[in-house]
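Next come the chains, spelled out residue by residue.
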Amino acid sequence: MGKAKYSAAGLFIRGARKKSWPRVWRDVEPKKSYDVVIVGGGIHGLATAYYLASNHGITNVAVVDKAYLGSGGSGRNTAIVRSNYLTPEGVAFYDRSLDLYNTMSTDLNLNVMFSERGHMTLAHTDSALRTMHWRAEVNKLQGIDSSVISPEEVKKEAPSLDISTNTRYPILGALYHPPGGTIRHDAVVWAYARAADSLGVDMIQKCEVLDIMCEGGEGSAADSTDGKGAGGKVTGVKTSLGDIAAPVVVNCTAGWATNISDMAGVKLPITTHPLQAAVTEPVKSFLPTVVVSGSLHVYVSQTDRGELVFGASVDPVATYDMRGTLAFTEELAGHVLELMPAISKMRLMRQWAGLCDMTPDYSPVMGHTQVEGYLVDVGWGTYGFKAGPVSGEQMAAAIATESMPELIAPFALSRFTEGTLVGEKGAAAVGH
Ligand code: PYC
């Protein structure tokens, strides 16, 4: 039998002796110019860079991040994937992402631990049940495996749930979506970063964008109605590591999407709210599926290590503050115990928050803008992780072909002035 590259003892000795680990991607200084600069080193930015290089042969690309790769929403989400949305546009888009996630481990040669364990959204009221039926019908028409199931079937999928009728929020049924599940989110960051690096993309960490350089703009770009070019043309970015020239700059940030976009003179209809999450101590596996309760503002899944990962609604106040609050912990505990009274003795180990950029219709803003060469992939609200692969694939196509691919055309910024919103609030995991 061949010798493993790293035995457990070898790993320990390497750690103890502080031997240097081989780098998974290069540590580079920024060049003076690139064909494309991507702002934001999360899954969206890295995926865009990877698909630019792999699908379109555009490799003179830099991804810049003011912190480290995956330090924003990519490392803070609750790792849930699904495609059971409410609009045909949303379903088609997120389903393509699920396809890409399905083959990612082999495509990128790194195990992203996709656990296709099913996703169940509980209905506690007649109106919630009606929305679940609506979603199931939209889903089925698009060929998505999604249906409404009874409380008894809910119990079969998740035996720890209390389906008795004498509770404050009895379970009346659920939208069940077998292709949904969880994925190791850090692994997705590493997989895209390593693959992009191997194709020649530069990833530059601790490089903060201070301004977006443009030329030829007239008045305010936000006033323009006919789109591209009215606000001028991008020429590059000013960063904490110096100026970088580029004819194309892509905003793939979350949390700071509006601040970055303001630098290009493109106003976005986004407010930023923190979303808190928490994790328990590990216990023996007992929750085989992802469970979501909109009315109780909670979603939960059990990791392969046995911890329960919980998320909730976004905090009600727009802020960039990412401190955890006691109010969140208390509400979460109360709601979780209504669903699963048996876990009352489990200890919560950690809580954290990420920033969610909320748009008026709960759909993202993607594609070209009024400023030539300035593109956005922003406004992900609470859906960013699910959409990472398809966003990267489609944004890369938008850049390479200078057009709007069909899958993302509905998410153009112009929909807010044209009145063609893509309303996905009804598909949010929990009420926000
Ligand atoms: O929409 O499924 C969802 C979700 C899970 C966590 C945040 N959003």
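Residues numbered from 1 in each chain as written. Predicted model: local features only at pLDDT ≥ 70, side-chain atom pairs only at ≥ 80, totals over all residues. Heavy atoms only, no water.

A. Local environment of the pairing of strand β6 (residues 173–177). Most of β6 is tucked away, with five of its five residues classed as buried. Taking every second residue as pointing to the same face, both faces of β6 are buried, with G173, L175 and H177 on one and A174 and Y176 on the other. Pairing analysis gives five bridges linking strand β4 (residues 119–123) to β6, with the strands arranged antiparallel. In the sheet register, H119 faces β6, and the bridge partner there is H177. (Buried < 20%, exposed > 50% of the residue type's maximum accessible area, 1.4 Å probe, protein only. Helix = DSSP H or I, 4+ residues; strand = E, 2+ residues; numbered from the N terminus. Pairing = 2+ DSSP bridges.)

B. Examining the packing of aromatic side chains more closely. Tallied over the full model, the rule gives 11 aromatic pairs. Between the aromatic rings of Y50 and Y51, the centroid separation amounts to 5.0 Å while the plane-to-plane angle is 65°, which identifies the pairing as edge-to-face. Considered together, Y50 and Y51 belong to a single accessibility category, that of buried residues. Between Y101 and F385, the ring centres sit 5.5 Å apart and the planes meet at 40°, which makes this aromatic pair tilted. Here Y101 is found in helix α3 (residues 88–102), whereas its partner F385 is found in helix α10 (residues 384–401), with 284 residues between them in sequence. Summarising the burial analysis for this pair, Y101 and F385 share the class buried. Cluster of aromatic residues (ring-pair linked, three or more members): Y85, F93, Y94, W380, Y383 and F411. Directly above the aromatic system of W256 lies the positively charged group of K66, at a separation of 4.0 Å from the ring centroid. In this arrangement the basic side chain of R82 is found over the ring face of Y85, its NZ or CZ atom lying 4.4 Å from the centre. (Phe/Tyr/Trp six-rings, centres within 6.5 Å; stacked < 30°, edge-to-face > 60°. Lys NZ or Arg CZ within 6 Å of the ring centre and 35° of its normal.)

C. Quick peek at the pattern of salt bridges. Within this structure, the stated rule accounts for 13 salt bridges. With a closest N to O distance of 2.9 Å, R26 and D197 form a salt bridge. One end of the pair, R26, is in the loop between α1 (8–16) and β1 (36–39); the other, D197, is in helix α7 (residues 185–198), with 171 residues separating them in the sequence. With relative accessibility at 34%, the residue R26 sits in the partly exposed group. Look at D197 and you get buried, because its relative accessible area is 12%. Of the charged contacts, one joins E137 and K140 as a salt bridge, the two residues approaching to 3.7 Å between their closest N and O atoms. Of the two residues, E137 and K140 both sit in helix α5 (residues 126–141), three residues apart, roughly one turn of that helix. For E137, a relative accessible area of 45% gives the class partly exposed. Accessibility expressed as a relative area gives 42% for K140, which makes it partly exposed. (Salt bridge = Lys/Arg side-chain N within 4 Å of Asp/Glu carboxyl O.)

D. Quick look at unusual backbone geometry. One non-glycine residue, N109, lies in the positive phi region at around 55°. Its place among the elements puts N109 in the loop between α4 (104–107) and β4. With a relative accessible area of 61%, N109 lands in the exposed category. Of note in the backbone geometry, Y362 takes a positive phi value of approximately 65° without being a glycine. Take Y362: it is sitting in the loop between β17 (348–358) and β18 (365–368).

E. View of the site of the ligand. Taken together, T78, I80, R82, Y299, T382, Y383, K386 and A429 make up all the residues around the ligand. R82 has a polar side-chain atom sitting 2.6 Å from an oxygen atom of the ligand. Relative to its unbound accessible surface of 250 Å², the ligand loses 95% to contact with the protein. The residue inventory of the shell around the ligand, partitioned by class, reads four nonpolar, two polar and two charged. (Near = heavy atom within 4 Å. Polar contact = N/O pair within 3.5 Å; in protein donor to acceptor, adjacent residues only side chain to side chain. Areas by Shrake-Rupley, 256 points an atom, 1.4 Å probe, with all protein chains shown as cover. Nonpolar A, V, L, I, M, F, W, Y, C, P; charged D, E, K, R; others polar.)

F. Up close: the sheet that holds strand β9 (residues 209–215). Read from one edge to the other, the open sheet built from three strands follows the order β9-β10-β11, with strand pairing classed as antiparallel. Each edge of the open sheet carries a strand with a single partner, namely β9 and β11 (242–245). Across the sheet, the mean angle separating the axes of adjacent strands is 25° when strand polarity is ignored. By the bridge criterion, six bridges tie β9 to strand β10 (residues 233–239) in an arrangement that is antiparallel. Bridging across to β10, I212 finds its partner in V237. (Axes fitted to C-alpha atoms, helices over the stretch in contact; angles between N-to-C directions.)

G. Focus on the confidence of the model for the chain. For the chain, per-residue confidence averages 93 on the pLDDT scale, and residues scoring 70 or more make up 92% of the total. In this model residues 219–229 is a low-confidence stretch, pLDDT under 50, and it forms 20 contacts with partners more than four residues away in sequence or in other chains. (pLDDT = per-residue confidence, 0-100. Contact = heavy atoms within 4.5 Å.)

H. View of the state of the cysteines. Counting across every chain of the model gives zero disulfides. No disulfide involves C214; its sulfur sits 17 Å from that of C252, the nearest cysteine. C356 takes part in no disulfide bond, and the closest cysteine sulfur, belonging to C252, lies 17 Å away. According to the relative accessible area criterion, C356 is buried, its value standing at 7%. (Disulfide = S-S within 2.5 Å.)

I. Broad picture of the sheet that holds strand β19 (residues 374–378). Taken in spatial order, the six strands make up an open sheet running β8-β2-β1-β12-β19-β18, and their pairing is mixed. Single-partner strands in this sheet number two, and they are β8 (202–204) and β18. On average, adjacent strands in this sheet sit at an angle of 20° to one another, irrespective of strand direction. Taken together, the three bridges between strand β2 (residues 61–64) and β8 define a ladder with parallel strand orientation. Bridge assignment links V63 to a residue of β8, and that residue is M203.

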